[in-house]
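# Structural overview
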Amino acid sequence: MEKKSSFRWVILFILVFGTAVMNFSNLIFASRPTDVMAVFNMTQAQLTAISTVGMLPGALFSIIIGNLLDRKDVRKTGAVLFLLAALCMIWRVFAHSYVELMIITFLAGVFFLPINVVTPKMLGAWFPREEMGTAMGIFGAAAGIGTTLAFAIGNYF
């Protein structure tokens with residue numbers, strides 16, 4: 001068995017944290033619908049769209065990203081995509097209109113959600129086969145953690 005770096009747990013934590021934050025930030029809008037709709041002057045349909053548009057790119061671009069990661073270094077490409085997604089999430093705080101918020105949320109999804117699809121490949125570069133079940137189990141909880149936190153503490157924001 002090939003010895004893997006102990007840094008793999010840091011990588012897993014970063015992926016779990018990022019996925020939880022992404023789900024939290026996408027669904028935070030739905031936890032305070034009246035306030036969000038008033039601030040951005042949006043309808044119920046627009047609120048639904050803004051709450052889900054960040055997930056759309058994962059479905060649209062996951063094959064392209066998967067192919068890219070097959071040809072490129074999984075670690076570096078994943079890190080760059082993760083960084084770009086984080087920058088978009090920070091940028092969203094400064095959105096002044098619904099259209100701007102929609103574009104930024106979509107871009108965050110473009111950069112982050114495909115990572116969810118290729119996480120086994122990314123973790124496979126760090127974890128030995130014997131630990132992949134544990135790693136994927138821990139990662140699998142991330143989306144649920146983010147969603148739960150959005151509705152549990154969303155009213156405080």
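Residues numbered from 1 in each chain as written. Predicted model: local features only at pLDDT ≥ 70, side-chain atom pairs only at ≥ 80, totals over all residues. Heavy atoms only, no water.

Once that is clear, we can look at the overall build of the protein. Helix and strand counts for the protein stand at eight helices and zero strands. The linear arrangement of helices and strands in the protein, starting from the amino end, is α-α-α-α-α-α-α-α. Summarising its shape, the C-alpha atoms of the protein cover approximately 55 × 30 × 20 Å along the three principal directions. Here the protein holds 157 residues, and 43% of them are scored as buried. Restricting to contacts in the protein with at least 6 residues of sequence separation, those with at least 24 account for 76%. (Helix = DSSP H or I, 4+ residues; strand = E, 2+ residues; numbered from the N terminus. Buried < 20%, exposed > 50% of the residue type's maximum accessible area, 1.4 Å probe, protein only. Contact = heavy atoms within 4.5 Å.)

We now examine the packing of helix α1 (residues 8-31) against helix α5 (residues 74-92). At their nearest, the axes of α1 and α5 sit 11 Å apart, and the two run at 30° to each other. One finds that α1 runs roughly parallel with respect to α5. Regarding α1 and α5, the two cross each other, and that crossing is left-handed. Contacts from I14, G18, M22, S25, N26 and F29 of α1 reach α5 at F82, M89 and R92. (Axes fitted to C-alpha atoms, helices over the stretch in contact; angles between N-to-C directions. Parallel < 35°, antiparallel > 145°, perpendicular 65-115°, else oblique. Left-handed = near helix turned anticlockwise from the far one by under 90°.)

The subject of this paragraph is the packing of α1 against helix α3 (residues 44-52). Where α1 meets α3, the closest approach of the two axes is 8 Å, and the angle between their N-to-C directions is 160°. Our classification of the angle between α1 and α3 gives roughly antiparallel. Here α1 runs over α3; the crossing is left-handed. In this structure, α1 contributes N26, L27, F29 and A30 to the contact, and α3 contributes L47, I50 and S51. Partitioned by chemical class, the residues of the contact of α1 with α3 number five nonpolar, two polar and no charged. (Nonpolar A, V, L, I, M, F, W, Y, C, P; charged D, E, K, R; others polar.)

For the structure on display, the rule yields two salt bridges. E131 is the salt-bridge partner of R8, the closest N and O atoms lying 2.8 Å from each other. Placement of the pair is R8 in helix α1 and E131 in the loop between α7 (119-124) and α8 (132-153), with a sequence separation of 123 residues. For R8, a relative accessible area of 12% corresponds to the buried category. (Salt bridge = Lys/Arg side-chain N within 4 Å of Asp/Glu carboxyl O.)

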